[in-house]
Every structure is written in structure tokens, then in C-alpha cells.
Amino acid sequence: MRINIKATSLELTTAISNYAEKKVSALEKFINKNDESAVANVEVGKSTKHHHSGDIFRAEINLHIAGKDLRAVAEKDNLYSAIDEVKDEMVREITSHKARLRTLLRRGGAKIKDFIRGFYRENF
């Protein structure tokens, strides 16, 4: 999986880059290993300057896997906790997507099975 990290309204230090890359690379265990087209675009930064007190940090992951785009966003008062939260949200997105695909496959299999049962009853 390819990981692209971008910073908005703050300087992208090596510590932030390494931390984000470590967290996002943990998503690889949920992605098919044969999918070479998997791309994770990570954006970290400060939100707009409309907050009156304190900084609000934002982390976003746009993940493209197997022709599908998944997105997760988190805003926190700490950049590292925002990265942690967005990683957890992306795990939920990936598992939900896989569950939807599995359910669709099982429904299709059940329809085929019902068709075969109906065909068998009519002819024998």
C-alpha cells in the first residue's frame, strides 16, 4: 500500500510523518495483500483559524482500495489523538465495507440455491 502524507497549516515534521505512517500502515492487515492499487492519502493539519481558544487539529484518510474510495475524518485538540481516532474510524469503514460485500455475495448465493431448488422440484 502506498501512503501519501500531506500537512495543512502546519509544518510536517519527521515525527508527525513517522507517527502517521506507522498508524496508517497498520491498516494493511485489513487490505488484500494482492491489491497493488491501494493508496492511502493522509492529511494532517490545523483547522481553520475561527476557533477562539486553543488549536483544533484535523486528520483525514482517503483510502482507495479495489475500485472503492473510503474516507475518515477526525478533529481533536491533540494532533496525535486525531491521527489515532481517524485510524480507528478507517478500520471501522474497512470492516463495514467488507461485511457489505460478504452479505451481497451470500445473498447472491442464496438466490442461486433457491433457483436450483425450484428447478429441481419442477423437473423431478
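Here, the structure is the one placed above.
The structure contained in this document is the topic of the report that follows. All values reported here derive from a predicted model rather than from experimental measurement. (Residues numbered from 1 in each chain as written. Predicted model: local features only at pLDDT ≥ 70, side-chain atom pairs only at ≥ 80, totals over all residues. Heavy atoms only, no water.)

**Structural notes on the packing of aromatic side chains**
How two aromatic rings sit relative to each other is set out by the distance from centre to centre and by the angle between their planes. Enumeration according to the criterion identifies one aromatic pair in this entry. Measuring from centroid to centroid gives 4.8 Å for Tyr19 and Tyr80, while their planes differ by 90°, and the two rings are edge-to-face. Note that Tyr19 is positioned in helix H1 (residues 14-25) and Tyr80 in helix H2 (residues 79-123), a separation of 61 residues in sequence. (Phe/Tyr/Trp six-rings, centres within 6.5 Å; stacked < 30°, edge-to-face > 60°. Helix = DSSP H or I, 4+ residues; strand = E, 2+ residues; numbered from the N terminus.)

**Details of the nonpolar core**
Ranked by internal contacts, the top residues of the largest apolar core, which has 24 residues, are Leu27, Val44, Ile61, Leu63 and Met90. For this core, the element with the most residues is H2, which contributes seven residues. If we skip the residues at most four places from it in the chain, Met90 touches Leu27, Ile61, Leu63, Leu70, Arg71 and Ala72. (Core = buried A, V, L, I, M, F, W, Y, C linked by side-chain atoms within 4.5 Å. Buried < 20%, exposed > 50% of the residue type's maximum accessible area, 1.4 Å probe, protein only. Contact = heavy atoms within 4.5 Å.)

**With respect to the pairing of strand S2 (residues 39-46)**
Bridge count for strand S1 (residues 2-8) against S2 is seven bridges, and the pairing is parallel. Along S2, the bridge assignment pairs Arg2 with Val39. Read as a crossover between parallel neighbours, the route from S1 over H1 to S2 is left-handed. Sheet analysis places S2 next to strand S3 (residues 57-65), joined by eight bridges and oriented antiparallel. (Pairing = 2+ DSSP bridges. Right-handed = clockwise from strand over helix to strand, strands pointing away.)

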